[in-house]
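Chains, contacts and geometry: an overview
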Amino acid sequence: MGYVKAITRKIKKSGKTPIEIRITVNRIARYITLGIDIEPRYWDTKNNRVRKSYENSVRINNFITHKMNLVEVYLIQIQEKKKSFDIEEVKARLFDKVIRNYTIKAMCDEFFNELIALEKYTRVSSEKSRIRHLLSYFGENSTFDKFTVTNIKKYKNHLLSKVKLAERTDINHLILIRTLYNRAIREGIADANLYPFGENGVRIKFPDSQKIGVNMEEIRLLEECELEEGTTEWNARNSFLLSFYLAGARISDVLRIKWSDLNDGRLYYKMGKNNKVGSVKITSKAERIINLYKARKNKLDTFVLPELNKADIADNKDIYRKINTAKSKYNRSLKKIAKKVGITKSMSCHIARHSFGNISGDKIPIQMLQKLYRHSDITTTINYQQSFMNRETDSALEAVIGRDIDE
């Protein structure tokens, strides 16, 4: 036999709280909303009913009692028939809530098509691979009851041991499951009481990653390297330096810089990742690179760097493809340049961002770095920058072991 109780729990943004029926069977509680929201002051927590001061309180309380009676009768029936409790049957039979036998694949398709409709092409590319792995492991016809804590942990280990994914990449696959499950809860497809993530479930935490950028001496090697003007290597080196000079701007944002974004010695642009709008000073070194392209500028050129000037600017998908192509070309070229000038560190377009972090280290206040990086949350800046902030730990180490006499 189970227990049935009318309750209110969370308060919505509207300031009202939904009235729910809590059904406890075998010490597991499930909740069904009645579709009635009231202000918390009208709920009598002692008697579990709407206060008389609320308009239509009698009608609402009668409705609550009626639904609770139906559930209690249902619990007696399944006990007599020795059937197991089925919350989906209760919702469908007693509360007229139609629960679809919605497959994981159906939700994946819905989610994927939404990304395309919103033109989030960076995520389209990465999520496509994650969805493929997910459906291959769980099966296209599986429903959300497959997403148990045990099964998700097994899937995580499968990706690490069989697919050979890096731990950080593995976490992104778990985030996809969490996203799908949250969508399913909102649409009434999955049971919120069986949520497999959080304190009592699977915890998602990104592992610390080692970020290594080049130092100022290596930046000078790149600046002084003689390259043939107009070649891919020349463009790759210039884009890397421009990224560094613009406070570690992402290469995708550097490639998107338009001539019209340059005004009064500043660059005004919107970040592609989070759509944050802002501006940054064009330093003399950045201006020097921009002037190289100004001298080669065609009347029809929209962008400073050449890669997007042949793109259909009305087609975000085409821009995304050309940015990816440019990044691949530039990454290959940067490795060749590094070998040529004697840089032994791994080189790629994104290393320019790490290099700014490495050189700024703990010289710049974290609040200023947050502005330069355009991070919405300062915690993101702290987590990003902690790999580069070594002055205090270095001083502490030297205080213990001492400096070399020759230093």
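Residues numbered from 1 in each chain as written. Predicted model: local features only at pLDDT ≥ 70, side-chain atom pairs only at ≥ 80, totals over all residues. Heavy atoms only, no water.

Describing the sheet that holds strand 8 (residues 277–281)
Reading across from one edge, 6-7-8 is the order of the three strands in this open sheet, with antiparallel pairing throughout. Looking along the sheet, the strands with just one partner apiece sit at the ends: strand 6 (262–263) and strand 8. Examined bridge by bridge, strand 6 and strand 7 (residues 266–270) share two bridges and lie antiparallel to one another. Paired with Leu262 across the bridge in strand 7 is Leu267. (Pairing = 2+ DSSP bridges. Helix = DSSP H or I, 4+ residues; strand = E, 2+ residues; numbered from the N terminus.)

Overview of the side chain of Asp318
Note on placement: Asp318 falls in helix 11 (residues 316–341). Its relative accessible area of 10% is what places Asp318 among the buried residues. There is a polar contact of 2.9 Å between the side chain of Asp318 and the side chain of Lys322. (Buried < 20%, exposed > 50% of the residue type's maximum accessible area, 1.4 Å probe, protein only. Polar contact = N/O pair within 3.5 Å; in protein donor to acceptor, adjacent residues only side chain to side chain.)

With respect to helix 2 (residues 87–94)
For helix 2, the set of buried residues is Ile87, Val90, Lys91 and Leu94. Projected onto a plane normal to the axis of helix 2, the buried residues spread over an arc of 105 degrees and lie on a single side. Elements that come into contact with the buried residues of helix 2 comprise strand 2 (17–25), strand 3 (28–38) and helix 1 (57–80). (Arc of directions from axis to C-beta. Contact = heavy atoms within 4.5 Å.)

Observations concerning the pairing of strand 2
Burial of strand 2 is extensive: eight of the nine residues sit out of reach of the surface. Across six bridges, strand 1 (residues 3–8) lies against strand 2 in antiparallel orientation. Bridge pairing in strand 2 links Ile7 to Glu20. Hairpin connection from strand 2 to strand 3: two residues lie between these consecutive antiparallel strands, with Asn26 at a positive phi of about 55 degrees.

Some details on the pairing of strand 7
A one-sided burial pattern is seen for strand 7, the buried positions being Leu267 and Tyr269 and the unburied ones Arg266, Tyr268 and Lys270. Where strand 6 folds back onto strand 7 in an antiparallel hairpin, the turn is made up of two residues, including Asp264, whose phi is positive at roughly 50 degrees. When strand 7 meets strand 8, the two strands line up antiparallel, connected through five bridges. Bridge pairing in strand 8 places Tyr268 opposite Ser279.

A closer look at unusual backbone geometry
Of note, the phi angle at Arg27 is positive, near 70 degrees, even though the residue is not glycine. Relative to the helices and strands, Arg27 resides in the loop between strand 2 and strand 3. Positive phi values are uncommon outside glycine, yet Asn48 reaches one of about 55 degrees. Considering the arrangement of structural elements, one finds Asn48 in the loop between strand 4 (43–44) and strand 5 (49–50).

Notes on the sheet that holds strand 3
Strands belonging to one sheet form pairs held by backbone hydrogen bonds; the direction of such a pair is parallel or antiparallel. If you walk across this open sheet you meet the three strands as 1-2-3, and the pairing is antiparallel. Each of the sheet's edge strands pairs with one partner strand only, and the pair in question is strand 1 and strand 3. Ignoring strand direction, the axes of neighbouring strands in this sheet form an average angle of 20 degrees. The sheet contact formed by strand 2 and strand 3 spans eight bridges and is antiparallel. From the neighbouring strand, Ile21 faces strand 3, where its bridge partner is Ile32. Packing of helix 1 onto the sheet brings it into contact with strand 1, strand 2 and strand 3, and relative to strand 1 it is tilted by some 150 degrees. Along the sheet face, helix 2 touches strand 2 and strand 3 and points at about 30 degrees away from the line of strand 3. (Axes fitted to C-alpha atoms, helices over the stretch in contact; angles between N-to-C directions.)

Focus on the pattern of salt bridges
Overall, the coordinates contain 17 salt bridges when judged by the stated rule. With a shortest N-O distance of 3.2 Å, Arg183 and Glu114 are connected by a salt bridge. Here Arg183, found in helix 6 (residues 167–186), pairs with Glu114, found in helix 3 (residues 104–117); they are 69 residues apart in sequence, far enough to count as distant. What makes Glu114 partly exposed here is its relative accessible area of 36%. For Glu223, the salt bridge identified is with Lys285, shortest N-O distance 3.1 Å. Linking Glu223 in helix 7 (residues 216–224) with Lys285 in helix 10 (residues 284–294), this pair joins segments that are 62 residues apart in sequence. The partly exposed category is assigned to Lys285, whose relative accessible area is 30%. Each of Glu110, Glu114 and Arg183 takes part in a single network of salt bridges with overlapping partners. (Salt bridge = Lys/Arg side-chain N within 4 Å of Asp/Glu carboxyl O.)

Focus on the nonpolar core
Counting residues in hydrophobic clusters, the biggest one holds 48 residues, and the most contacted among them are Phe240, Leu255, Leu262, Leu267 and Met347. Those elements giving two or more residues to this core turn out to be helix 7, helix 8 (232–245), helix 9 (251–255), strand 7, helix 10, helix 11 and helix 12 (351–360). Among the nonpolar cores identified, the runner-up in size contains 31 residues, and Ile104, Leu134, Leu180 and Ile189 belong to it. (Core = buried A, V, L, I, M, F, W, Y, C linked by side-chain atoms within 4.5 Å.)

Description of the packing of aromatic side chains
Using the criterion set out here, one finds 13 aromatic pairs in the structure. When the centroid spacing of 5.0 Å and the interplanar angle of 50 degrees are considered together, the rings of Tyr137 and Tyr155 count as tilted. A residue pair is termed long-range when its members are at least 10 positions apart, and Tyr137 in helix 4 (residues 121–138) and Tyr155 in helix 5 (residues 149–161) qualify at 18 residues. Of the residues examined, Tyr137 reaches a relative accessible area of 33% and is grouped as partly exposed. Aromatic pair Tyr181 and Tyr195: ring centres 5.7 Å apart, planes at 70 degrees, arrangement edge-to-face. Within this pair, whereas Tyr181 is found in helix 6, its partner Tyr195 is found in the loop between helix 6 and helix 7, the two being separated by 14 residues in sequence. Judged by relative accessible area, Tyr181 falls into the buried class, the value being 3%. On the basis of relative accessible area, Tyr195 is assigned to the partly exposed category, the value being 28%. Chaining the aromatic ring pairs together yields one cluster made of Tyr137, Phe138, Phe144, Phe147, Tyr155, Tyr181, Tyr195 and Phe197. Taking the ring centre of Tyr31 as reference, the NZ or CZ of Arg9 above it sits at 3.7 Å. (Phe/Tyr/Trp six-rings, centres within 6.5 Å; stacked < 30°, edge-to-face > 60°. Lys NZ or Arg CZ within 6 Å of the ring centre and 35° of its normal.)

Honestly, it's all geometry; don't read function into it.
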